[in-house]
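Here's the letter readout for the chains.
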Amino acid sequence: MDCRVFVGSAFGFRRTALLDGFDTAAEEIRITRKTLLELPDPPPPVPAAAKLPDRPAYQQIMAVYAAADAPLRARAVCEAMDLEIAPGNINNVRLKLKRLAKRGILAETEQGLFTLPRP
């Protein structure tokens, strides 16, 4: 019987030590949580400025919009760039305008109507 009592008390000692370890870990987690909740919220990320493609056509399109005082359609941009008013040219310019709008360089206020975005 003496042997069983000794084994039982050793097991109880190990169990108590293990529970003390859990209590310590739980207290550390509570302190960490409290510290994290007291930290201020990080500022929202600043979006990177959209990069204009290096192609000359995009530079010409942006020059047209810099001089424009109202939103323009692809046909008007073709006219301002002195391109022949042909369906192929208008569609190419329209695709470029859509790409610029997707990058945030231009804004599409209505379907097919583009302008510089407001600051």
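A short tour of the structure in this document, coming up. (Residues numbered from 1 in each chain as written. Predicted model: local features only at pLDDT ≥ 70, side-chain atom pairs only at ≥ 80, totals over all residues. Heavy atoms only, no water.)

**Overview of a nonpolar patch on the surface**
Right, so step 1: Side chains of Leu18, Leu19 and Phe22 sit close together on the surface and give an oily, nonpolar patch of about 320 Å² of accessible area.
Right, so step 2: Within the secondary structure layout, phenylalanine 22 lies in helix 1 (residues 2–38). (Patch = residues over 30% accessible without salt bridge, like charges linked within 9 Å, V, L, I, M, F, W, Y side chains within 5 Å. Areas by Shrake-Rupley, 256 points an atom, 1.4 Å probe, with all protein chains shown as cover. Salt bridge = Lys/Arg side-chain N within 4 Å of Asp/Glu carboxyl O. Helix = DSSP H or I, 4+ residues; strand = E, 2+ residues; numbered from the N terminus.)

**Here we look at the pattern of salt bridges**
Right, so step 1: Overall, the coordinates contain 5 salt bridges when judged by the stated rule.
Right, so step 2: As a salt-bridge pair, arginine 75 and glutamate 79 come within 3.8 Å of each other at their nearest N and O atoms. In this pair, arginine 75 and glutamate 79 are both assigned in helix 3 (residues 74–80), 4 residues apart and thus about one turn of the helix distant.
Right, so step 3: With a relative accessible area of 46%, arginine 75 lands in the partly exposed category.
Right, so step 4: Since its relative accessible area comes to 44%, glutamate 79 is described here as partly exposed. (Buried < 20%, exposed > 50% of the residue type's maximum accessible area, 1.4 Å probe, protein only.)

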